[in-house]
Amino acid sequence: CHGGGNFGDIYDIHQNLREDIVKKFPENRIIILPQTAFFNKNDNKEKSKKIFKEHNNVIMFARDEVTYKIFTEFTKYTYLIPDMAHELYGDLPKSKKNKNILYFLRKDVEKRPIQAEIEETIKGYDCFDWDDLISIKDKRILSFIYRLIQINRILKLNSLNNLIFKIWYKHAYSLVFKMSKVFSSYESIVTSRLHGHILSCLVDVPSSIIDNSYGKNTEYYKVWTKDLEITSVVDK
């Protein structure tokens, strides 16, 4: 199961899928790639924990200490490692710096009140989120891939599966390279997106990170990026 910051009760679709996999594949080893976990309600945590503990071969990777402690309640196979994006360090293209500051700020449910205060003071600066950088062409390619997946649920062709994978693999890399060029064109970045912070580190651009609603960003920063000279936290 993919990594990210959606383990818990904020993103039901992702969590329900993981729990269904754990229930439906009791004889298979299941691996949860590096995640951040958060539960608004302890009842939801206990319900999910019960599902995972009934499986004896779930391996869970945590991106921070808080998540690591939660995951130790879910399985005895728990490990603390950084986000997988760090594997890209040294492989990403960079642009010539020709812009001042990028404010890369999230717009979703994890947005903190401090972000609204910051947004009031940054008129005239570039301010984006991921959706602002995804082109119409990118969205059309994604829509095309989804259509191919739906078709192959009926046809069940290995050759079409391989084609879908090749198209997505090439497109995913092109997106990563495009974003790295955007980020590396700025002198510095202020962001409330964890992967905005990580991408800044990957292209050696000074980054100030704003926390999200439940502490994910600063918990990650404390474990993995606080010792870098180009990183800092915005706390007021």
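The structure this text deals with has already been given above.
Criteria and thresholds
- Residues numbered from 1 in each chain as written.
- Predicted model: local features only at pLDDT ≥ 70, side-chain atom pairs only at ≥ 80, totals over all residues.
- Heavy atoms only, no water.
- Patch = residues over 30% accessible without salt bridge, like charges linked within 9 Å, V, L, I, M, F, W, Y side chains within 5 Å.
- Areas by Shrake-Rupley, 256 points an atom, 1.4 Å probe, with all protein chains shown as cover.
- Salt bridge = Lys/Arg side-chain N within 4 Å of Asp/Glu carboxyl O.
- Helix = DSSP H or I, 4+ residues; strand = E, 2+ residues; numbered from the N terminus.
- Buried < 20%, exposed > 50% of the residue type's maximum accessible area, 1.4 Å probe, protein only.
- Core = buried A, V, L, I, M, F, W, Y, C linked by side-chain atoms within 4.5 Å.
- Contact = heavy atoms within 4.5 Å.
- Pairing = 2+ DSSP bridges.
- Axes fitted to C-alpha atoms, helices over the stretch in contact; angles between N-to-C directions.
- Right-handed = clockwise from strand over helix to strand, strands pointing away.

### Concerning a nonpolar patch on the surface
Reasoning step 1: The grouping of Ile151, Ile154, Leu155 and Leu157 at the surface amounts to a nonpolar patch, some 390 Å² of accessible area in total.
Reasoning step 2: Tracing the backbone through its elements, the reader meets Ile154 in helix H6 (residues 136-155).
Reasoning step 3: Residue Ile154 is classed as exposed on the basis of its relative accessible area, which comes to 71%.

### A word on the nonpolar core
Reasoning step 1: Ranked by size, the top nonpolar core spans 18 residues in total, and within it Phe183, Ile189 and Leu199 carry the most contacts.
Reasoning step 2: If you list the elements that add at least two residues to this core, you get strand S5 (99-104), helix H7 (158-184), strand S7 (186-191), helix H8 (194-202) and helix H9 (216-225).
Reasoning step 3: Sort the elements by how many residues they give to this core and H8 lands first, with 4 residues.
Reasoning step 4: Beyond its immediate stretch of four places on either side in the chain, Ile189 contacts Leu102, Phe104, Phe183, Ser200, Val205, Pro206, Ser207 and Ser208.

### A look at the sheet that holds strand S3 (residues 58-62)
Reasoning step 1: As summarised here, the arrangement of the 4 strands in space is S1-S2-S3-S4, forming an open sheet in which the pairing is parallel. The two strands at the open ends of the sheet, each matched to only one other strand, are strand S1 (4-8) and strand S4 (77-80). Here the strands of the sheet are splayed against their neighbours by 50° on average, with no regard to which way each runs.

### Quick look at the sheet that holds S5
Reasoning step 1: Spatial strand order, S6-S5-S7-S8-S9: 5 strands in an open sheet with parallel pairing. Lying at the two open borders of the sheet, with one neighbouring strand each, are strand S6 (126-128) and strand S9 (231-234). On average, each strand axis in the sheet is inclined to that of its neighbour by 20°, with strand direction left out of account.
Reasoning step 2: Strand direction decides the pairing type here: S5 and S7, joined by 5 bridges, are parallel. The residue bridging Leu102 from the neighbouring strand is Ile189, located in S7.
Reasoning step 3: H7 contacts S5 and S7 of the sheet and is inclined by roughly 105° relative to S7.
Reasoning step 4: Against the sheet, H9 touches strand S8 (207-210) and S9, its axis set at about 155° to S9.

### Section: the pairing of S1
Reasoning step 1: Burial of S1 is extensive: 5 of the 5 residues sit out of reach of the surface.
Reasoning step 2: Sheet topology places S1 next to strand S2 (residues 30-38); 3 bridges connect them, and they run parallel. Along S2, the bridge assignment pairs Phe7 with Ala37.
Reasoning step 3: Of the crossover connections in this fold, the one passing from S1 over helix H1 (residues 12-24) to the parallel S2 is right-handed.

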